[in-house]
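As a plain string of letters, each chain reads:
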Amino acid sequence: MYFGNKILKYKDEILKDLDTLLKIESIAEVNDQKCKEALDFILKRAEDFGLATKNVESKAGHVQIGVGGNLCGVLTHLDVVPAGNNWTVVPYELTRKDGRLYGRGVADNKGAALINLYCLRVLKEEGIKGVNTLRAIYGTDEEKGMKDMDIYFDHEPVPDFSFTPDSNYGICYGEKGILQLRLYAHIHNGTALTEFHSGKAVNAVPDTAYALIESNEYDDQQLMRLADASEGNFEFIYTIDGLMILSRGKASHACEPEKGKNAATVLIDLLAKHFSHHDLGQVCSFIDYAINNEIDGRSLGIKMCDSASGALTVNVGTVRIIDDIAELTLDIRYPVTVNGDGILYRVTKSAELEDLNVKVLSHLRPLYVEKESKIISVLSDAYKNVMGENPDLYTTGGGTYARKLGGKGIAFGPVFAGDETNMHNADESINEENFFKHAEVCLEAMYKMFTENLEK
């Protein structure tokens, strides 16, 4: 018998607390007060359970059990991406339907964050005597560059052994580099395009976009004809300010852009088939010739892959053109064996052709942990104890707190294979049975980290 199943008696309490946590619209940089509220909620519940807590500048914090030995950590984040469009349930509350749990953050990452807290509660209430110090570490800025962990580790030591349940099962031993850029001009110089809006987050494929065009009847007819012949989903709306073209795509996480359909690039491709680059301005011109609908970076001159982590991907996350604002954001995920500085150089050179400036929003270097490491061994044993089989080892294009741990931590769970969670998309959800199976695996892993001599 394994220890992890002891968390199942807390199911009802977990779901009640999860509903409360999901109702807090903690979108980093959009509503920092709500991010603080989410952190406060976790720390208050920990205190209710009699656990020790620490708040670090209201940006991060931890809940702790035990003292001495190795410092072990389990890291999750309480911020979420914006809800976006096309939900069939209320985004910011828990909905149980057809064996699934729905709500923004239920899979990424509030569900796992709450499970971590309850794992510590179980260890305390079961009277387990550990040989190590175990912390559940919480951040509020993971979706916007992980500055929260920079702040946290300015005050607290990096754990000796860690994992973050913010990916998939089995065990992720490598994460691609993530380069997020803002490309901008000081003024919009297009003559026909007056406005363009798409996307709310750099790390998500936008599912809607619209453009406002000063056009004549011939332009309108040509655009409609081209739209009929394209694979896009467009709507033409006449307004007092000109012709509005609405583009509908499909959202997905930027680490898997092939699962979405970028409403912005599809719309710019349509416009560029009729209007000149001079008509559209430098931002749309750059997207048309340097990216278009590609996700592999070929036209940017950065297409590459390696055997460990696969191919580079590029996502146009946001586009904003209005008055004196003309900008776009890019999310580039590059292989673990590549130096990202060369990628930045090539993108900058391409942007200079349109007189666009480049600002680095975030650059997270790749993560690679040896398969024979102690943390992988411990987590493999925990997984096998609960699931009855060894976990697969894999790499990902996703970015987690693991890359902030200096090679001392990896991503592990909470999503099982075949469970389509719609992270960063409408109707984010997780299979309820799988959710609590993750709870068992997580508790088993935390139990082993707390009680075993990890130096052996």
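Before reading further, recall that the structure is shown in the block above.
Quantities reported herein were computed from a predicted structural model and do not represent experimental measurements. Each chain has its residues counted from 1, running along the sequence as written. Where local features are concerned, this predicted model is filtered to residues with pLDDT of at least 70; where side-chain atom pairs are given and counted, the filter is 80 or more; whole-chain, interface and lining totals use all residues. Hydrogens are left out, water is left out, and the side-chain values use all remaining heavy atoms of the structure.

S.K.: With reference to specific residues and values, describe the packing of aromatic side chains.
M.R.: Working definition: rings of Phe, Tyr and Trp (its six-membered ring) pair if their centres are within 6.5 Å, and the pair is stacked with planes under 30 degrees apart, edge-to-face with planes over 60 apart, and tilted otherwise. Scanning the entire structure with this criterion turns up 12 aromatic pairs. These aromatic residues form a ring-pair network of at least three members: F163, Y169, Y383, F412 and F416. Only lysine NZ and arginine CZ atoms are considered, and such an atom sits over a ring when it is within 6 Å of the ring centre and within 35 degrees of the ring normal. K11 extends its terminal NZ or CZ atom over the ring of F436, reaching a point 5.1 Å from the ring centre. Geometry around Y184 places R182 over its ring, the cationic atom sitting 4.2 Å from the centre.

S.K.: Break down helix 9 (residues 340-352) for me, with residues and values.
M.R.: End to end, helix 9 covers 19 Å across 13 residues, agreeing with the expected 18 Å (1.5 Å per residue, within 8%). Only protein chains enter the area calculation, which uses a 1.4 Å probe; residues under 20% of their type maximum are buried, those over 50% are exposed, and those in between are partly exposed. Note on conventions: DSSP H or I runs of at least 4 residues are helices, E runs of at least 2 residues are strands, and numbering of each starts at the N terminus. Residues of helix 9 that are buried: G340, I343, V347, S350 and A351. Burial along helix 9 is one-sided: seen end-on, the buried residues are contained in an arc of 100 degrees. As for helix 9, its buried residues are in contact with strand 10 (177-185), helix 8 (282-290), strand 20 (325-334) and strand 21 (357-364). Two to three positions downstream of the cap, the backbone nitrogen of D341 sits 2.9 Å from a side-chain oxygen, assigning the N-cap of helix 9 to N339. Helix span is expected to be 1.5 Å times the residue number reduced by one. The directions from the helix axis to the C-beta atoms are what the arc is built from. Note on contacts: a residue pair is in contact if any heavy atoms of the two residues lie within 4.5 Å. Nitrogen and oxygen atoms within 3.5 Å of one another constitute a polar contact, given that in protein one can donate a hydrogen and the other can accept it, and given that sequence-neighbouring residues count only through two side-chain atoms.

S.K.: Give me empty space enclosed by the protein: which residues, what numbers.
M.R.: Using protein atoms alone on a 1 Å grid, points that fit a 1.4 Å probe yet trap it form a cavity, whereas open point sets bounded by protein on both sides within 12 Å along at least five of seven lines form a pocket; residues with an atom within 4 Å of a point count as lining. Grid points are joined across faces, edges and corners, and a volume is the space filled by probe spheres set on the points. Applying the stated criterion across every chain, the model contains one cavity of 30 Å³ or more. Space inside the largest cavity adds up to approximately 40 Å³. If you trace the largest cavity, you find it lined by I27, A28, V80, V81, P82, E143, K144, A201 and N203.

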